[in-house]
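Summary of the model geometry
Here is how the chains run, residue by residue.
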Amino acid sequence: MNIVVLMKQVPDTEAPVEIAESNVAIDTEDTKWAINPYDEFSLEEALLIKEAKGDSKVTLVTVGPDHVAEAIRVAYAMGVDEAIHINDEIDDEVYGAVDPHTTAAIIAAALKDVPFDLIIAGQRAVDDDSYLVPALVANKLNLPIISLVTKQETTDTEINCVQSIDGGTAVVKAALPALITTQKGINEPRYPNFRAIMKAKKKKVDERELEDIGLDPENFGINGAKVKIRSMEFPPERGQGKIIEGSSPAEKAKILVNLLKEEASVI
Amino acid sequence: MAQGVMVVAELFNGSFKKVSLEALSKGKALADSLGESLVAVVMGAAVSEPAKELAKYGADLIVVAQDADLEGYRPCQQHNVLVDIINDKAPRMVLFGATRQGKELSANVSATLDVGLAQECLDLFIEDQKLVAKRTLFGGKIIATVDIEGDTQLATIRPNVFEITEATGAGVVEECAVNLGTVNVTLIEEKVEVSSKIELTEADYIVSGGRAMDGPDFSILENLAATLGGAVGASRNAVDAGWRPQTDQVGQTGKVVSPKLYIACGISGAMQHIAGMSTSDVIVAINNDPDALIFKTSDYSIVDDLFDVVPAITEEIKKLA
Ligand SMILES: Cc1cc2nc3c(=O)[nH]c(=O)nc-3n(C[C@H](O)[C@H](O)[C@H](O)COP(=O)(O)OP(=O)(O)OC[C@H]3O[C@@H](n4cnc5c(N)ncnc54)[C@H](O)[C@@H]3O)c2cc1C
Ligand SMILES: Nc1ncnc2c1ncn2[C@@H]1O[C@H](COP(=O)(O)O)[C@@H](O)[C@H]1O
């Protein structure tokens, strides 16, 4: 079985972010990068299917700037067979393909001559939270899409999934090829050790530019974006919160409830 | 010519989701500012009766699509029917509640119509007759103002952010012809819990517990939540320990919530947790470590043992009643 995993590299969620001078992107000079957590679930699921079935190949597809190479190395160390990196470093102002439509167009073009039975993507990338690239890719490639999957069973021709829906779960099936997105709970991603990561440095990455996959950079970046960032700001500061002093838990509780009622007016 | 604002309203267990009414209220304000009409869309098995209620929130026209195969979670079928409705009515913009269904449906429509979509919006306004949105990026660390491009602009709104306001609309109900189209995902079984539990993303009050709960007994948090008329949430640590279901998890790999009041009990305040609750109106943190990170994000902080403080808060709130 040929499995494609769509992976995005995102700023490490632990670290603060700075807004760039342009005010429409973040300053990535000191950014520490990581694999989008939902894409770790996708990588793990692809590897589990491969291990269970044997005779399978896992191909990673990622769109991003130069430093994505780091994330690819981690994916290789996890066990991915091949990686395709479409380098979209054409326009600093549109960091990391914040626009899902252009990203999806790039992915669909890159997949033109990659055979696949199943595509696994994350439900969302935790930098832009767009929940959109998988739907766009599925639409362009005319594939059934099953989102927020917590469990799957795949035969050579069909995929059966349990997915999270509002208020519960659904069991659904689709014919292959299909695209699914992952939800927490589907698996526990493996952590490759340092040695495996070092060894993965030797692996070759199939790096391509937009022109290589038949796309005109003119139509990408800010030009092709369907959601254009006009400005960025930090959320309003909560200020230094009030520390509630009191001689006992009961007294603190009393003061809190009074503040919630009189000052904050929320109860 | 594009005209007016459309809102897709979701019925759940026979009543409209709160977030759908919030979307209608915002949609009405946007329609008024354009001087145009508000169209509501309701899809499901038997929806024309309940749909009438939407006139109360300013819907001028209520398009109902009735078919057993549109009931519940049917992203494929609903997408096919909704695209027909959008093509027919040609609204300038379409709003959805950011439920799982709303996010999936809007994403599929965005793909088919090749138009822009902003998810989980915190604010919406109109400039040059086009929709502009405010939404969070990078796990709530940044708020961006974005221009949505395309002939029909799409947006989902984060639950609990917009007010519900009543208004008068003509409320003309129009049943549309339903063509389910090509369906490439087959539903085998749908298990939806019909409980009195308030859905976390719609709760006005959330009491969340973390690793400090030290076991599956969350009764003190449940009592406080019940007294407030709210719901119980959890940190990832509490979920991973198996004390709470995944559906209770708040954060980057859980739900994003925006209640009036969020009470974090024994939660350290990791960025990934903050990402799920930072847009709450008021945040209270209870932690016995005075240096806990969570105090940096809270409006009111109590440094003490949660097992003593939480029951005391419950008692104090009961006294108010
Ligand atoms: C990719 C990724 C995604 C993640 N996604 C999420 C997510 O969605 N949601 C999430 O919550 N986390 C998430 N995390 C985990 C996150 O980083 C933290 O590890 C987690 O939030 C910590 O949970 P906690 O606060 O319950 O536990 P801890 O960090 O262990 O904190 C427990 C706190 O309780 C306090 N305490 C102990 N006893 C008491 C007492 N008796 N009374 C009062 N206070 C007490 C302690 O002082 C401490 O501050 C994610 C991590 C990663 C790497
Ligand atoms: N630049 C990218 N390269 C590869 N896959 C991506 C990229 N952006 C998004 N994806 C995939 O789409 C999912 C959802 O992303 P988003 O729609 O941006 O929230 C991610 O989890 C990835 O699987």
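Residues numbered from 1 in each chain as written. Chains lettered and ligands numbered in written order. Predicted model: local features only at pLDDT ≥ 70, side-chain atom pairs only at ≥ 80, totals over all residues. Heavy atoms only, no water.

Looking up chain B in an unreviewed UniProt entry gives the name Electron transfer flavoprotein subunit alpha, with the organism given as Desulfocicer vacuolatum DSM 3385. Its UniProt record gives chain B a comment under Sequence similarities (unreviewed entry), which states: "Belongs to the ETF alpha-subunit/FixB family." Taken from UniProt, the Function (unreviewed entry) comment for chain B reads in full: "The electron transfer flavoprotein serves as a specific electron acceptor for other dehydrogenases. It transfers the electrons to the main respiratory chain via ETF-ubiquinone oxidoreductase (ETF dehydrogenase)." (UniProt positions renumbered as here; feature names shortened; annotations may be inferred.)

Named according to an unreviewed UniProt entry, chain A is Electron transfer flavoprotein subunit beta originating from Desulfocicer vacuolatum DSM 3385. Looking at the Sequence similarities (unreviewed entry) heading of the UniProt record, one finds this comment for chain A: "Belongs to the ETF beta-subunit/FixA family."

Right, let's talk about the interface of chain B and chain A for a bit. Tallying the contact residues gives 87 residues for chain B and 77 residues for chain A. Taking both partners together, chain B and chain A bury about 6,800 Å²; carbon and sulfur atoms supply 56% of that area. Three residues stand out in chain B for area buried against chain A, namely B:Arg100, B:Phe138 and B:Tyr300, and they jointly supply 11% of the buried area on that side. Here chain B is connected to chain A by 7 salt bridges. A salt bridge links A:Lys252 to B:Asp304, with the nearest nitrogen and oxygen atoms 3.0 Å apart. It is helix H4 (residues 100-113) of chain B that contributes the most residues to the side of chain B that touches chain A, 9 residues altogether. Looking at chain direction, strand E11 (residues 168-175) of chain A and strand E13 (residues 186-192) of chain B are connected through 6 bridges and run antiparallel. (Contact = heavy atoms within 4.5 Å. Buried area = accessible area lost by both parts, 1.4 Å probe. Salt bridge = Lys/Arg side-chain N within 4 Å of Asp/Glu carboxyl O. Helix = DSSP H or I, 4+ residues; strand = E, 2+ residues; numbered from the N terminus. Pairing = 2+ DSSP bridges.)

Another point: the sheet that holds strand E7 (residues 117-121) of chain B. Residues and elements named next belong to chain B. Within the open sheet, the 7 strands sit side by side as E7-E11-E6-E1-E4-E5-E12. Their pairing is parallel. Among the strands making up the open sheet, the edge pair consists of E7 and strand E12 (172-175). With direction set aside, neighbouring strand axes in the sheet form an average angle of 20°. As paired elements, strand E4 (residues 38-44) and strand E5 (residues 61-66) share 6 bridges and run parallel to each other. Along E5, the bridge assignment pairs Val42 with Val64. Sheet contacts for helix H1 (residues 18-34): strand E1 (5-9), E4, strand E6 (93-97) and strand E11 (153-157); angle to E1, the most-contacted strand, approximately 175°. (Axes fitted to C-alpha atoms, helices over the stretch in contact; angles between N-to-C directions.)

Residues and elements named next belong to chain A. Not every one of the 20 residues close to ligand 2 is listed here, only the nearest: Leu6, Asp39, Ala125, Leu132 and Val133. In this structure, Asp39 approaches ligand 2 through a side-chain N or O atom, which is 2.5 Å from an oxygen atom. Measuring from an oxygen atom of ligand 2, one finds a backbone N or O atom of Leu132 at 2.8 Å. For ligand 2, the accessible surface in isolation is 480 Å², of which the surrounding protein chains cover 99%. Broken down by element, the residue count for the shell around ligand 2 peaks at 3 residues, all from strand E6 (residues 57-64). Looking at side-chain class alone, the shell around ligand 2 contains 11 nonpolar, 5 polar and 4 charged residues. (Near = heavy atom within 4 Å. Polar contact = N/O pair within 3.5 Å; in protein donor to acceptor, adjacent residues only side chain to side chain. Areas by Shrake-Rupley, 256 points an atom, 1.4 Å probe, with all protein chains shown as cover. Nonpolar A, V, L, I, M, F, W, Y, C, P; charged D, E, K, R; others polar.)

All right, on to the sheet that holds strand E18 (residues 300-303) of chain B then. Read from one edge to the other, the open sheet built from 6 strands follows the order E15(A)-E18(B)-E17(B)-E16(B)-E14(B)-E15(B), with strand pairing classed as parallel. Every other strand in the sheet has two partners, leaving strand E15 (242-243) of chain A together with strand E15 (231-234) of chain B as the edge strands with one partner each. Relative to E18(B), E15(A) runs parallel, the two sharing 2 bridges. Residue A:Ile243 lies in a different strand from E18(B), and its bridge partner there is B:Ser301.

So, about the state of the cysteines. Taken as a whole and assessed by the stated rule, the structure comprises 0 disulfides over all chains. B:Cys76 takes part in no disulfide bond, and the closest cysteine sulfur, belonging to A:Cys161, lies 14 Å away. Between B:Cys176, a cysteine without a disulfide, and B:Cys76, which holds the nearest cysteine sulfur, the sulfur-to-sulfur distance is 17 Å. (Disulfide = S-S within 2.5 Å.)

Attention now goes to the UniProt feature "domain: Electron transfer flavoprotein alpha/beta-subunit N-terminal" (unreviewed entry) in chain B. Mapped onto this numbering, the UniProt entry annotates "domain: Electron transfer flavoprotein alpha/beta-subunit N-terminal" (unreviewed entry) at residues 5-192 of chain B. From the first C-alpha to the last, residues 5-192 of chain B spans 31 Å; its make-up is 27% helix and 36% strand.

On inspection of all chains with the given rule, the structure shows 35 salt bridges over all chains. Close ionic contact of A:Lys8 with A:Asp127 constitutes a salt bridge, the shortest N to O distance being 3.1 Å. Of the two residues, A:Lys8 is situated in the loop between strand E1 (2-6) and strand E2 (9-11) and A:Asp127 in the loop between strand E8 (118-122) and helix H4 (133-141); the sequence distance between them amounts to 119 residues. With a closest N to O distance of 3.0 Å, B:Arg74 and B:Glu190 form a salt bridge.

Residues and elements named next belong to chain B. Along the chain, Thr136 falls in strand E9 (residues 130-137). In terms of polar contacts, Thr136 uses its side chain to reach the side chain of Arg158, at 3.4 Å. Residues contacting Thr136, with those up to four places away along its chain left out, are Leu122, Ile142, Ile143, Arg158 and Thr279.

On to the domain arrangement of chain A, then. If you check the domain split of chain A, you get domain 1 (2-223) and domain 2 (238-267). Centre-to-centre separation of domain 1 of chain A and domain 2 of chain A, based on C-alpha positions: 45 Å. (Domains from an automatic or database assignment.)

This brings us to the site of ligand 1. In the region of ligand 1, 26 residues are neighbours, and B:Arg211, B:Ser235, B:Gln249, B:Thr253 and B:Ser268 sit closest. Proximal residues around ligand 1 fall on chains A and B, making this an inter-chain site. Between B:Asn287 and ligand 1, the recorded distance is 2.7 Å, taken from a side-chain N or O atom to an oxygen atom. With respect to ligand 1, the backbone of B:Asn288 contributes an N or O atom lying 3.1 Å from a nitrogen atom. Expressed as a share of its isolated accessible area of 990 Å², the protein-covered part of ligand 1 is 78%. Broken down by secondary-structure element, the contributors of at least two residues to the shell around ligand 1 are helix H6 (236-240), helix H7 (271-274) and helix H8 (306-320) of chain B. When grouped by side-chain class, the residues that make up the shell around ligand 1 number 7 nonpolar, 14 polar and 5 charged.

So, about the packing of aromatic side chains. By the definition in use, this model includes 1 aromatic pair over all chains. Its guanidinium or amino end placed over the ring of B:Phe12, B:Lys17 lies 4.8 Å from that ring's centre, counting from NZ or CZ. (Phe/Tyr/Trp six-rings, centres within 6.5 Å; stacked < 30°, edge-to-face > 60°. Lys NZ or Arg CZ within 6 Å of the ring centre and 35° of its normal.)

Before going further, it helps to examine the confidence of the model for chain B. Within chain B, residue pLDDT values average 96, and 100% of them lie at 70 or more. Among the scores for the predicted complex, ipTM is 0.95 and pTM is 0.96. (pLDDT = per-residue confidence, 0-100.)

This paragraph deals with the pairing of E4(B). Across the 7 residues that make up E4(B), a large majority, 7, are buried. The two faces of E4(B) match: B:Leu38, B:Ala40, B:Val42 and B:Gly44 on one face and B:Val39, B:Val41 and B:Met43 on the other face are all buried. (Buried < 20%, exposed > 50% of the residue type's maximum accessible area, 1.4 Å probe, protein only.)

Here we come to unusual backbone geometry. Residue and element names in this part refer to chain A. A cis amide bond, omega -5°, links Leu176 with the succeeding residue Pro177. Secondary-structure assignment places Pro177 in the loop between E11 and strand E12 (178-182). Positive phi, normally seen in glycine, also occurs at Asp55, with a value near 45°. With respect to the helices, strands and loops of the structure, Asp55 is situated in the loop between helix H1 (37-53) and E6.

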